[in-house]
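# Summary of structural features
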Amino acid sequence: MEVGETLLEVNGEGRPQPGLATAWNVSEDGLVWTLPIRAGVRFHDGTLLTAEAAAASLEKARGKPGVLERASIESLSAEDGAVVIRMAEPFAPLIALLAHFSTISPYGNSGLAYAYQAKPLR
């Protein structure tokens, strides 16, 4: 079983909400998505989650067969503590994809290290 967190989540009504990203901002033209990364989140191996790690994880997912590779992403980068996604053309479903792909540590030396946040059990 894999347990991981995503940049965005979906609430019980199917609406997007912050996950590992504290928010998301989309430029007026729909070409630039900015997702500030939540502070204090660690991978299960103790490594701190950074925007660089989150961007590297998305880049890895983008290189695999699936819908993310078809999203017309021009570039993924980390800028000022945020993941910045630049699109070749607007792609509204990107928000749903960001709620699907787990963030995996590029630093893990014991296999895959998934990001997690301390959340109370309900």
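Just so we're clear, the structure is a prediction, and the values are computed from it rather than from any experiment.

## Some remarks on unusual backbone geometry
Residues other than glycine seldom take positive phi values, yet Ser-72 does so here, at roughly 50 degrees. Mapped onto the elements, Ser-72 comes out in the loop between α1 (51-62) and β6 (73-79). Although it is not a glycine, Asp-80 adopts a positive phi angle of roughly 50 degrees. Positionally, Asp-80 belongs in the loop between β6 and β7 (82-87). Here Asp-80 falls in the exposed class, since its relative accessible area comes to 86%.

## Observations concerning α1
Between its first and last C-alpha atoms α1 spans 16 Å; for 12 residues at 1.5 Å apiece the expected length is 16 Å, and the two agree. When we look at burial in α1, the residues that qualify are Ala-51, Ala-53, Ala-54, Ala-55, Ser-57, Leu-58 and Ala-61. Buried residues in α1 make contact with β5 (42-43), β6, β7 and α2 (94-98).

What counts as what
- Residues numbered from 1 in each chain as written.
- Predicted model: local features only at pLDDT ≥ 70, side-chain atom pairs only at ≥ 80, totals over all residues.
- Heavy atoms only, no water.
- Helix = DSSP H or I, 4+ residues; strand = E, 2+ residues; numbered from the N terminus.
- Buried < 20%, exposed > 50% of the residue type's maximum accessible area, 1.4 Å probe, protein only.
- Expected span 1.5 Å × (residues − 1).
- Contact = heavy atoms within 4.5 Å.

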